[in-house]
Amino acid sequence: MDIYIQLALSGLFIGGVYALISVGLTLVFGVLRVVNFAHGEYLTIAMYLTYFMFQRVGIDPFVASIAVVPLMFVLGLATERLLIRPTLEAPHVVQVFVTFALSLFLQNLLLALFTSDFRSVRTPYATAAFQIGPLYVSWLRAAVFVVALAFAGGLAAFLKYTYMGSAIRATAQDRRSARLVGINVDRVYAVTFALGCALVGAAGILLSPLFSVNPYTGADMILVSFVIVVLGGMGSIAGAVTAGLLIGVVESFTGYLAGGELKQLVYFVLFMIVLAVRPNGLFGRKGAEVMDVT
Amino acid sequence: MKPVRSPLTGLLLPVAGFAVLAALPLIFSDAFFVAAVTLAFLGAAASLAWNLSGGYAGQLSLGHAAFYGLGAYVSTILFLKAGISPLIGMWLGAIVSAALAVFLGAITMRLKGSFFVMSTLAFGAVVHISAINLRDLTGGPSGLAIPLRPSPENLIFAKKLIYTYVALVLVIVFYAITRMIAASKIGYALVAFRENHDAARALGIRTLPLRIGVFALSAGLISICGTVHAQYYLYVDPDSVMGLNLSLNFALMAIVGGLGTAYGPIVGALLVSVVSVVMQAYLGDQISGLTQLAYAAIVILVLLVAPTGLGPSAHAFLKRRMTWLS
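Residues numbered from 1 in each chain as written. Chains lettered and ligands numbered in written order. Predicted model: local features only at pLDDT ≥ 70, side-chain atom pairs only at ≥ 80, totals over all residues.

Description of the overall build of chain A
Line of reasoning, step 1. Of regular secondary structure, chain A possesses eleven helices and two strands.
Line of reasoning, step 2. Starting at the N terminus and ending at the C terminus, chain A contains elements arranged as α-α-α-α-β-β-α-α-α-α-α-α-α.
Line of reasoning, step 3. What you see for chain A is a C-alpha radius of gyration of 19 Å, in line with the 19 Å of a compact globule of 294 residues.
Line of reasoning, step 4. Taken along its principal axes, the extent of the C-alpha atoms in chain A is 55 × 45 × 40 Å.
Line of reasoning, step 5. Residue burial in chain A is summarised as follows: out of 294 residues, 52% are buried. (Helix = DSSP H or I, 4+ residues; strand = E, 2+ residues; numbered from the N terminus. Rg over C-alpha atoms; globule rule 2.2 N^0.38 Å. Buried ≥ 20, exposed ≤ 12 C-beta atoms within 10 Å, placed from the backbone.)

Next comes the structure, spelled out in structure tokens:
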């Protein structure tokens, strides 16, 4: 019995980071109606930034976030201006493949710069743990979980209580009406996209003491994120958090019961089933995902 | 609407183009160049197959590597375990792929835009992971090697140049199939769906069976390319015949050359191989990733500057020039 609680706990912890990755993706989709297929590369970039700050300057990953998160925000602003805004009105194929090509570009840029070697951030506190009853809890993983949820909560508060947050929500609901009531929609797009990058950057920082990084790390992670975002309902932040935690637990159990390689198979099959049965996900608004078929 | 084709652009130009392609490996006959041309032809054939569904119907699949890989695996496994010739195996592979495409299409064809893309990504991943894990059948991550027993009925040739022409035959056949479908009622129905599915529906065009049918045809044809890939390399492994990058490349070749045109995938595939040959000639393999980096940059530029693809954009540009002059 204890082992199952232990599994659920470790799944929940990693699920917190999955949730944070997915929140950025779902936010961008909800507002811009664009799936950023290069989302994973921003995770990789943040992990490299954290690694080099730790390795060369000796800054702790949690402290590094003060610099890395704003950097990722600026990178997001630049990406939106150069690639996303010019293609917002373009045919769907251009939107999909511009972000796919960006993903290919960034992956190979990182490969050319840093080779495919795995690099890891080794903190002295990585193995420290405490015990509650029969359960062993890693300090690091618990902290990562708490910080990840704090970021997601911070985003929810930002969307709810600030002017920009309201503008973002209004644009997500109806971009034309938002423009009519005087919201600067272009600015909303820029800030939303940059927020998405900053959030996935935060997730990258949190992952770096747990996983090593190479140019393909983000690409591997991002497929899980698609599963989560669709399962939670495209555009729904509460959905992304719930589904992120759920997928974390599912992965932890299938990894234990069926082995590491098959756990991916399980959630992809789950993904296909969700798309077939309930493509608007658990919390999604209807209408974005299916068409009337003849 | 499509303009009426003159015999010049409709027949003479393609024939002349294919004649030039056929002459390429004879003019530059060193092994490095012949290999590059062969891969370009094979890529062009696969991209033509992808374009039938992705270009004409606008179903942007990023799971087509699964069908390519199935073609490679089915023919190879049948050849190794039962001694069945790949000439038969490739048709069986195509049937398996087409059947799977019908199943996938039935589930996913009602999904819109990015949701369809993501469902095909997931499908590609499922097949890829299965191929890695079904070790008894597929040899797992290390793959399967085909013994070199040259004979036409094994589709194994000691001279690599023969594969170049096998691939060219695929290109010509797939090009002809594309032209036939594009000029048919089916082609028009698919384009109508792609451009505005509500309007197509209002006109009473039932596209779902057509879209599933073309998806299956596209899957079957690309699966044949997979068999030829296996026979060319005499080796099959999950990453090289089923990787996501392969799916992405099939799509990008068509998009760069001209999505939803019969010649686009061929233009795109040739461009890709020119880029990779030039990059390798100048930079060698000193730094990995540079060829792909340049390729990705070119794709982004094309999407921003000439979103309909290089072929159609050049055509429109020339047309403007012509009307200016006259």
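Having seen the structure, we can now continue with the description.
Quick notes on helix 10 (residues 208–233) of chain B
Residue and element names in this part refer to chain B.
Line of reasoning, step 1. Look at helix 10: 37 Å from first C-alpha to last across 26 residues, which is about the 38 Å you get at 1.5 Å a residue.
Line of reasoning, step 2. The element helix 10 is largely enclosed, with a buried count of 20 among its 26 residues.
Line of reasoning, step 3. Just downstream of helix 10 lies Leu 234, where phi reads positive at about 55°. (Expected span 1.5 Å × (residues − 1).)

Considering the packing of helix 2 (residues 39–57) of chain A against helix 4 (residues 92–114) of chain A
All names here are of chain A.
Line of reasoning, step 1. At a minimum axis separation of 9 Å, helix 2 and helix 4 run at an interaxial angle of 25°. Classed by the angle they form, the pair helix 2 and helix 4 counts as roughly parallel. Note that helix 2 runs across helix 4; the crossing there is left-handed. Of the residues in helix 4, those in contact with Gly 40, Glu 41, Thr 44, Ile 45 and Tyr 48 of helix 2 are Ser 103, Leu 106, Gln 107, Leu 110 and Phe 114.
Line of reasoning, step 2. Here the residues of the contact of helix 2 with helix 4 are counted per class, giving five nonpolar, four polar and one charged. (Axes fitted to C-alpha atoms, helices over the stretch in contact; angles between N-to-C directions. Parallel < 35°, antiparallel > 145°, perpendicular 65-115°, else oblique. Left-handed = near helix turned anticlockwise from the far one by under 90°. Contact = placed C-beta atoms within 7 Å. Nonpolar A, V, L, I, M, F, W, Y, C, P; charged D, E, K, R; others polar.)

What to know about the confidence of the model for chain B
Line of reasoning, step 1. Summing up the model confidence of chain B, the mean pLDDT is 90 and the portion of residues at 70 or higher is 95%.
Line of reasoning, step 2. We note a pTM of 0.90 for the whole complex and an ipTM of 0.88 for its interfaces. (pLDDT = per-residue confidence, 0-100.)

Description of the interface of chain A and chain B
Line of reasoning, step 1. Contacts between chain A and chain B engage 39 residues on the former and 45 residues on the latter.
Line of reasoning, step 2. If you list the elements that add at least two residues to the side of chain A that touches chain B, you get helix 4, helix 9 (217–232) and helix 11 (260–277) of chain A.
Line of reasoning, step 3. Examining the composition of the side of chain A that touches chain B, we find that 15 residues originate from one element, helix 4 of chain A, more than from any other.
Line of reasoning, step 4. Considering only residue class, the side of chain A that touches chain B consists of 32 nonpolar, four polar and three charged.

Focus: the environment of Val171(B)
Residues and elements named next belong to chain B.
Line of reasoning, step 1. Secondary-structure assignment places Val 171 in helix 7 (residues 160–183).
Line of reasoning, step 2. For Val 171, a count of 24 C-beta atoms within 10 Å translates into the label buried.
Line of reasoning, step 3. For the pair formed by Val 171 and Leu 48, sequence separation is 123 residues and the distance between their alpha carbons is 7.5 Å.
Line of reasoning, step 4. With near-sequence residues (within four places) excluded, Val 171 lies in contact with Phe 41, Ala 44, Ala 45, Leu 48 and Ile 266.

Focus on the pairing of strand 2 (residues 135–138) of chain A
Residue and element names in this part refer to chain A.
Line of reasoning, step 1. Across four bridges, strand 1 (residues 129–132) lies against strand 2 in antiparallel orientation. Paired with Ala 129 across the two strands is Ser 138, which belongs to strand 2.
Line of reasoning, step 2. What sits between strand 1 and strand 2 in their antiparallel hairpin is a turn of two residues, with Gly 133 showing a positive phi close to 55°. (Pairing = 2+ DSSP bridges.)

Some thoughts on unusual backbone geometry
As a rule of thumb, non-glycine residues mostly have phi less than zero, and peptide bonds are mostly trans rather than cis.
All names here are of chain B.
Line of reasoning, step 1. Residues other than glycine seldom take positive phi values, yet Leu 155 does so here, at roughly 55°.
Line of reasoning, step 2. Structurally, Leu 155 is set in the loop between strand 1 (144–145) and helix 7.
Line of reasoning, step 3. You can call Leu 155 buried: it has 23 C-beta atoms within 10 Å.
Line of reasoning, step 4. Even without being a glycine, Leu 234 presents a positive backbone phi close to 55°.
Line of reasoning, step 5. Here Leu 234 lies in the loop between helix 10 and strand 2 (235–236).

Brief notes about the nonpolar core
Line of reasoning, step 1. Core analysis: the largest hydrophobic core is formed by 191 residues, its most contacted members being Leu20(A), Phe97(A), Ala101(A), Ala203(A), Ala45(B) and Val171(B).
Line of reasoning, step 2. With 16 residues, the single largest contributor to this core is helix 8 (residues 185–207) of chain A.
Line of reasoning, step 3. In this structure, Leu20(A) is in contact with Ala148(A), Phe151(A), Ala152(A), Leu199(A), Ala202(A) and Ala203(A), ignoring residues within four places of it in sequence. (Core = buried A, V, L, I, M, F, W, Y, C linked by C-beta atoms within 7 Å.)

Focus on the environment of Phe157(B)
All names here are of chain B.
Line of reasoning, step 1. By the secondary structure assignment, Phe 157 is in the loop between strand 1 and helix 7.
Line of reasoning, step 2. The sequence separation of Phe 157 and Ala 31 amounts to 126 residues, and the corresponding C-alpha distance is 15 Å.
Line of reasoning, step 3. Apart from the residues within four sequence positions on either side, Phe 157 is in contact with Pro 150, Ile 162 and Tyr 163.

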